[in-house]
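One-letter residues, chain by chain:
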Amino acid sequence: MTLIPSAPLRPDVLEPLNISYPPAYERAKALAASLTDEQVADLAARSEFPEDLWEFVTDAGLLRLGIDERWGGEPGGIVEKMQVAEILSQRIGVLSWVWGITTCFAGPILQSLGSEDLKALILPKLVEGKARFAFGVSEPAGGSDLFGALTTSYADGQLNGVKRWCTASLTADYLIILARDTKAEGGGTAGLTLCVVDRRADGMTFERIPTPSFASAIGTYQVEFDNVPVMEAWQGPEVKEALRHVLIEERLLIPGIVIGAATGALERSLAYAKTRNAFGNPVDSYQGLQHQVADAVMDLETSRHYSYEMAQRWARGDDVEIGCDVAKSRSTTAAQRVADVAVQMMGGIGFTGWGGVEHIWRDLRAFQLAPITEELVRNRVARYMGMSRR
């Protein structure tokens, strides 16, 4: 059997957003439209880093977004990045994270903390796709408890410890790693240090983590550091602010990715349901199914507009620490529901590679765990409402 055909790209879920679209969005849209169903199916089935996808993203100039023009970049903040993520994810699903790692973490951190020499060394190569990054913050002892479980240490220009969930680290050129200075007293955020290391340096051991999610194609790893030399280390209040910045923007970029992926899955399933007959009628004509689609789409629409509103507020300089958590939570929950409906509407074929939606349904589940669990989001909202801690 051949693949179920995909549907044309959809600019909006229901109502349009009241925002303009940057040139990078049009390039991302053109890239997404150019990929065939066979190419996307092949990408989704990979078990190694998609070099060709990286080249597509590079050739489209998407790595330039948000990088200073003096390094070859172009203007773009979190709203523009969300727009690119959404349209790209409609076609390739969560694999757009290949691009997201660089645009969400590496570019902002290097530009805010890096020395002029390091920027000159790396940023021109980054926008040309010749420098890849991985970001490591989580450790085996804890994921959501980011600072409480932090044991990776920095001392005398060297890094020691273990990081888990370092996505794309084996194929990266550089890693940005969160550690704690051994001279610091106390836990929490004391002694926080961000370190840049060359992936080819001695002292690193990579163990691939088996996972059925999108990270299967990109590759996610547990990385051990044994006296690994550090290219540059950053400490002080600027590190806390840089971390806060990228963690907020990560929670805003994710809605763009998951909403786009869910929209693409649903459009494909809807197109199939129009041509598939059951009991003498098109599948999409049954009211029970129509109500499932409508409920799921209304949730997705609501989360989309809320998420972009939070991104616009953040771009204006407003505090959205709780708002970004809500955006991430509501969008991932809504996207998972939409993908579930998309699979269900296709019937058995939706649960196979032929349907073209199964991998999206599977991949979206990971975002209810990362980068912040749904339980922790609820804890944070409850604290924000003034409820007591245990």
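Residues numbered from 1 in each chain as written. Predicted model: local features only at pLDDT ≥ 70, side-chain atom pairs only at ≥ 80, totals over all residues. Heavy atoms only, no water.

Draft legend 1. Highlighting helix H5 (residues 97-113). When the terminal C-alpha atoms of H5 are compared, their 23 Å separation across 17 residues agrees well with the 24 Å that a helix rising 1.5 Å per residue should span. Of all the bends in H5, the greatest, near 30 degrees, is centred on Ala106, and the proline Pro108 appears no more than four residues after it. Of all 17 residues in H5, 15 are buried; the element is thus mostly enclosed. (Helix = DSSP H or I, 4+ residues; strand = E, 2+ residues; numbered from the N terminus. Expected span 1.5 Å × (residues − 1). Bend = angle between axes of the 7 residues up to and from the residue. Buried < 20%, exposed > 50% of the residue type's maximum accessible area, 1.4 Å probe, protein only.)

Draft legend 2. How the structure looks around the nonpolar core. Grouped together as the largest cluster of nonpolar side chains are 107 residues, with contacts concentrated most on Leu62, Trp99, Phe135, Leu194, Trp234, Leu252 and Leu364. Core analysis: the next-biggest nonpolar cluster, separate from the first, contains 16 residues, Tyr154, Leu159, Val228 and Val230 among them. (Core = buried A, V, L, I, M, F, W, Y, C linked by side-chain atoms within 4.5 Å.)

Draft legend 3. Inspection of the packing of aromatic side chains at higher detail. Under the definition given, this model contains 7 aromatic pairs. Between Trp97 and Phe105, the ring centres sit 6.2 Å apart and the planes meet at 85 degrees, which makes this aromatic pair edge-to-face. Of the two residues, Trp97 and Phe105, neither departs from the other in class, the shared state being buried. With a centroid separation of 4.4 Å and 20 degrees between ring planes, the pair formed by Phe105 and Phe135 is classed as stacked. Residue Phe105 is found in helix H5, and its partner Phe135 is found in strand E1 (residues 133-136); the two are separated by 30 residues along the sequence. (Phe/Tyr/Trp six-rings, centres within 6.5 Å; stacked < 30°, edge-to-face > 60°.)

Draft legend 4. Representation of the pattern of salt bridges in the model. Using the criterion set out here, one finds 30 salt bridges in the structure. Note that Lys130 is salt-bridged to Glu128, the shortest N-O span being 3.5 Å. According to the relative accessible area criterion, Lys130 is exposed, its value standing at 57%. Owing to a relative accessible area of 44%, Glu128 belongs among the partly exposed residues under this scheme. Between Asp198 and Arg200 there is a salt bridge, with its nearest N and O atoms 2.8 Å apart. (Salt bridge = Lys/Arg side-chain N within 4 Å of Asp/Glu carboxyl O.)

Draft legend 5. Layout of unusual backbone geometry. Pro371 follows Ala370 through a cis peptide bond whose omega is -5 degrees. Even without being glycine, Trp165 reaches a positive phi, approximately 65 degrees. Structurally, Trp165 can be placed in strand E3 (residues 158-167).

Draft legend 6. Representation of the packing of helix H8 (residues 237-275) against helix H10 (residues 321-346) in the model. Running from N to C, H8 and H10 point in directions that differ by 20 degrees, and their axes come no closer than 8 Å. When the axes of H8 and H10 are compared, the pair comes out roughly parallel. Crossing geometry of H8 relative to H10 is assigned as left-handed. Of the residues that constitute the contact of H8 with H10, the class distribution is 19 nonpolar, 3 polar and 6 charged. (Axes fitted to C-alpha atoms, helices over the stretch in contact; angles between N-to-C directions. Parallel < 35°, antiparallel > 145°, perpendicular 65-115°, else oblique. Left-handed = near helix turned anticlockwise from the far one by under 90°. Nonpolar A, V, L, I, M, F, W, Y, C, P; charged D, E, K, R; others polar.)

Draft legend 7. Representation of the side chain of Lys163. By the element assignment, Lys163 lies in strand E3. Judged by its relative accessible area of 0%, Lys163 is buried. Here the side chain of Lys163 touches Val137 through a polar contact of 2.9 Å, landing on its backbone oxygen. Discounting residues that sit within four places of it in the chain, Lys163 has contacts with Gly136, Val137, Ser138, Glu139, Leu150, Thr152, Ile177, Leu178, Tyr221, Gln222, Val223 and Phe225. (Polar contact = N/O pair within 3.5 Å; in protein donor to acceptor, adjacent residues only side chain to side chain. Contact = heavy atoms within 4.5 Å.)

Draft legend 8. Representation of helix H2 (residues 37-44). Of the positions making up H2, those classed as buried are Asp37, Val40 and Leu43. The buried side chains of H2 occupy one side of the element, clustering within an arc of 125 degrees when seen end-on. (Arc of directions from axis to C-beta.)

Taken by themselves, the reported measurements are silent on function.
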